[in-house]
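# Per-entry structural report
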Amino acid sequence: MNAQSSTLESLTQDRIQQRVRELGEWFHNLDLRGVKTAPNHFLGNYPQVKFQQFAHAIPEDLRGKTVLDIGCNAGFYSIEMKRRGADRVVAIDFDECYLAQARFAAEVNEADIEFRQLSVYDVAQIGEKFDIVIFMGVLYHLRHPLLALDLIHEHVAGDLLLFQSMQRGSNAVMPLKEDYHFWETEVFESPGFPQMYFIEKKYSGDNTNWWIPNRACSEAMLRSAGFDVIEHPEEEVFICRTRAMNNSFGTVYPCKP
Ligand SMILES: C[S@@+](CC[C@H](N)C(=O)[O-])C[C@H]1O[C@@H](n2cnc3c(N)ncnc32)[C@H](O)[C@@H]1O
């Protein structure tokens, strides 16, 4: 028996329960050898209930693939990707408390995941592109959401992006024209036009909620940052393919002759 397996053997349910308590309040309800980390989650058995809705849309066999999980929290999605055989999973979060939970959960699950304390705004520091980038449940927590998508596209997105955002407002999506006349104002009243709600104070008791898009806005921002939506398996979840863009951040402003 090697040192690691003997340490794992000593992790009785009581010890796991105690460690889970010491690690503070959990957002992910994980099952750590029978110990539930957030059994009273307001969204139920989260994120398992969410994952069930779109798990089929992610390749079952990830052998040979690399994955970056941005805003990994306690590591639910990272562990799932490891279960599917991903060669390498790098998981980042800017919150050291959540990372400590994720490290413990990975240890209990014997999942080899590289954790780093890093903000999405600093992904350039990773210096590598990944086959799959997971960006779930983070966009609406950012003051600068489009910047984050642009940085992901520029520095780490190699092929697929698994994206999720809380959405509010209409679920309608209208076809957009290339341009609108200055006096065209009605289009802004259309439920299917991209809109994002700015939360100045709090939403749902949480002052880290900043911008909440409607569905049309999620899709438009993804496109604008260089991600083509290829599947929409769940209301808030979009699977995208990274599109090559020949200029940084999408837009160039040519000089007027
Ligand atoms: C709602 S949780 C989503 C967790 C997980 N991705 C999921 O979908 O279940 C948001 C996570 O994003 C992290 N986060 C928020 N802002 C971040 C930032 N600027 N850089 C990296 N992580 C961030 C939070 O610490 C938290 O763990």
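Residues numbered from 1 in each chain as written. Predicted model: local features only at pLDDT ≥ 70, side-chain atom pairs only at ≥ 80, totals over all residues.

## Re the overall build of the protein
Check the secondary structure of the protein and you find seven helices and eleven strands. A compact globule built from 257 residues should have a C-alpha radius of gyration of about 18 Å, and the protein, at 20 Å, falls within 12% of that. When its C-alpha atoms are laid out on the principal axes, the protein stretches across 75 × 35 × 30 Å. A buried classification covers 35% of the 257 residues belonging to the protein. Of all intrachain contacts in the protein linking residues separated by at least 6 positions in sequence, the fraction that spans at least 24 positions is 61%. (Helix = DSSP H or I, 4+ residues; strand = E, 2+ residues; numbered from the N terminus. Rg over C-alpha atoms; globule rule 2.2 N^0.38 Å. Buried ≥ 20, exposed ≤ 12 C-beta atoms within 10 Å, placed from the backbone. Contact = placed C-beta atoms within 7 Å.)

## Observations regarding the site of the ligand
Every one of the 16 residues lining the ligand counts as a neighbour, but Gly 71, Asn 73, Asp 95, Met 136 and Gly 137 are closest to it. Tallied by class, the residues present in the shell around the ligand amount to nine nonpolar, five polar and two charged. (Near = placed C-beta within 6 Å. Nonpolar A, V, L, I, M, F, W, Y, C, P; charged D, E, K, R; others polar.)

## Description of the environment of Ile 113
Within the secondary structure layout, Ile 113 lies in the loop between helix H5 (96-108) and strand S5 (114-117). When the C-alpha atoms of Ile 113 and Met 81 are compared, they prove to be 9.9 Å apart, with 32 residues separating the residues in sequence.

## Description of the sheet that holds strand S4 (residues 88-93)
With mixed pairing, the seven strands of this open sheet are ordered in space as S5-S4-S3-S6-S7-S11-S10. Each of the sheet's edge strands pairs with one partner strand only, and the pair in question is S5 and strand S10 (227-234). Adjacent strand axes in the sheet meet at a mean angle of 20° when their direction is disregarded. The strands that helix H4 (residues 76-83) touches are strand S3 (66-70), S4 and strand S6 (130-136); relative to S4, the one it contacts most, it runs at about 180°. (Pairing = 2+ DSSP bridges. Axes fitted to C-alpha atoms, helices over the stretch in contact; angles between N-to-C directions.)

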